[in-house]
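Here's the letter readout for the chains.
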Amino acid sequence: TAGMAPFYTAPRARLVEGSAVSRAELDPRTAFVLHTREALYLWVGAHAHPDYEAAAREWTRLLQRFEHASAEVSLERQGDESAAFWAAIGGEGPVAAKLAKYDEQYGVGKSPVLEAPAIEVRLPS
């Protein structure tokens, strides 16, 4: 279900699960990757720098390689999103002009940073 879908962002990648997956996470200055059981979406904001889109594309490649994500990536440009994307993210609606929680990640000298979610590996004793 969409509620259980991981949601990755650029320039800083972070995992969002459960009910936190919504259009409220979208910021037009960046690109986001939504990975569901059925599909892999790459959403690109209207003011996203090409480096942010490139970083998000790299995430899609990593998800395809290591998480067996869909081989096809649905490119969703802000203002031209598919009904399937809106359904996967919990419903269509307006996207904020910008989100304050992302402000420190943007500006002169800032670039995409891909930080993989922490993974705990336990080896047999």
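Residues numbered from 1 in each chain as written. Predicted model: local features only at pLDDT ≥ 70, side-chain atom pairs only at ≥ 80, totals over all residues. Heavy atoms only, no water.

A. Focus on the packing of aromatic side chains. With the rule as written, the count across this model stands at three aromatic pairs. When the centroid spacing of 5.7 Å and the interplanar angle of 70° are considered together, the rings of Tyr 41 and Phe 85 count as edge-to-face. Here Tyr 41 is found in strand S3 (residues 40-44), whereas its partner Phe 85 is found in helix H2 (residues 83-89), with 44 residues between them in sequence. Comparing Tyr 41 with Phe 85, the two get one shared label, buried. Ring centres 5.4 Å apart and planes at 65° place the aromatic pair Phe 85 and Trp 86 in the edge-to-face group. Under the relative-accessibility criterion, Phe 85 is labelled buried at 1%. The structure contains a cluster of three or more aromatic residues connected by ring pairs, namely Tyr 41, Phe 85 and Trp 86. (Phe/Tyr/Trp six-rings, centres within 6.5 Å; stacked < 30°, edge-to-face > 60°. Helix = DSSP H or I, 4+ residues; strand = E, 2+ residues; numbered from the N terminus. Buried < 20%, exposed > 50% of the residue type's maximum accessible area, 1.4 Å probe, protein only.)

Geometric values such as these leave the question of function open.
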